[in-house]
Amino acid sequence: MQHPTFPAPHVLPPCLRTHLRAFQIDDVVFHTLPIGQGSFIMGSNDNHDDEKPAHEVHIGYPVEVSRYPVTQALWRAVMGNNPAYFSGDDRPVETVSWDDIRQSGGFLDRLNGRCRTADGQPLPGHFRLPSEAEWEFAARGGQLGPWLGYPYPGSNHLPEAAWYSANSQGESQAPGRKLPTPTGLHDMGGNVWEWVEDDWHSSYKDNPPNDVSAWIDQPERGSRRVHRGGSWPGDADGARVAYRDGYHPGLRLNDLGFRIAFVPQ
C-alpha cells in the first residue's frame, strides 16, 4: 500500500479541512480535528513489557485533538507567562508539569474559562488532556488506523514524520513541518513528549479500561502520570505509537509538553 500524499506544511487536504474547528483566545487562533470512532489494538506484544499485552479498545464518542502540541503563544495567552527553554511563539511549550496543566487555576481551567470559537461564540464543549488510549488511537491514525499499521505516527519512516535526535539539531522545532497523521495531526511523534491524563501502570495486565477513558487509580491517584510520543533528544524507539513512560506530575523538562483534546457537548 502506498503512503498517502499530503500537501505542503500547514495545508490540509480538502477532505480534512472541512472538519477543522477553530478556537481563539486573545489574538491566538488554534485548531482541533476529530479522530473518529471505532476499535483498535492498543499496545504491542513485540517490544517493551509495559506495552503488553496488546488489547482491543473501543472509542464510541466524538472527541477532537489539537492539530499541534500547545504552542508557547497559546500558553502565554492563557497563562500570561512563557516557561519554555527554547523560546519561540510557534514552538511547542515545554518545561511545564502535569500539575501546571491540570491543577485548579492551571492551564485547562483558564482555557475553558476564557476561550471562544474563532467567530466569537461560547465553547460548544470543553478542553481536557487526552487519555492515553485516545492519544494512541490518534497517533495510529484514528478511524483510518486499522488498515495503516504504521510504527510511527503517520509513517513507516520516522525522519519524515518526527523531530528526534537524528534531525532536531538539539532543540525543539515549530510543529507542522513534518508529515501528519492521516487525520491531520502533526508532531505526535518526536519534538516534545506529551502529557496525557492517565496514571502510570507498568503494563496493561491489570484490566485497563476498554472504552478509551483515562486509567486512573482509585481511591487515590498514583505517583506518576503517563507521557507519550518521543522528543527532540530522544531515539526512534521512543517515537513509536505504542511507546509509553511515566513521570512525576510535578516534573518540568525542556522536552516535555502536551496537546489538548476537545469534547463537544
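Residues numbered from 1 in each chain as written. Predicted model: local features only at pLDDT ≥ 70, side-chain atom pairs only at ≥ 80, totals over all residues. Heavy atoms only, no water.

**Remarks on the nonpolar core**
- Judged by nonpolar contacts, the single largest core of 29 residues is most densely connected at Phe107, Phe127, Phe258 and Ile260.
- At the level of elements, strand 1 (21-25), strand 2 (28-34), helix 2 (72-79), helix 3 (98-102), helix 4 (107-114), strand 8 (193-199) and strand 11 (256-258) are the ones that each hand at least two residues to this core.
- Ranked by residue count, the leading element in this core is helix 2, at 6 residues.
- One finds Leu16, Phe40, Val63 and Ala139 within the second-largest nonpolar core, a separate group that totals 26 residues. (Core = buried A, V, L, I, M, F, W, Y, C linked by side-chain atoms within 4.5 Å. Buried < 20%, exposed > 50% of the residue type's maximum accessible area, 1.4 Å probe, protein only. Helix = DSSP H or I, 4+ residues; strand = E, 2+ residues; numbered from the N terminus.)

**Examining the pairing of strand 12 (residues 261-264)**
- Of the strand pairs in this sheet, strand 5 (residues 64-66) and strand 12 are connected by 2 bridges, and their pairing is antiparallel. Following the sheet pairing, Val65 is matched in strand 12 by Ala261.
- The pairing of strand 7 (residues 125-128) with strand 12 spans 4 bridges and is antiparallel. Bridge pairing in strand 12 places Gly125 opposite Pro264. (Pairing = 2+ DSSP bridges.)

**Quick look at the sheet that holds strand 6 (residues 116-117)**
- Within the open sheet, the 6 strands sit side by side as 6-1-2-5-12-7. Their pairing is antiparallel. Where the open sheet ends on each side, the last strands, each with one partner, are strand 6 and strand 7.
- As defined by bridge partners, strand 1 adjoins strand 2 across 5 bridges and the pair is classed as antiparallel. Directly across from Ala22, in strand 2, lies its bridge partner His31.
- With respect to the sheet, helix 2 is in contact with strand 1 and strand 2, its orientation differing from that of strand 2 by roughly 115 degrees.
- Each of strand 1, strand 2, strand 6 and strand 7 touches helix 4; the most contacted strand, strand 7, lies at about 160 degrees to it. (Contact = heavy atoms within 4.5 Å. Axes fitted to C-alpha atoms, helices over the stretch in contact; angles between N-to-C directions.)

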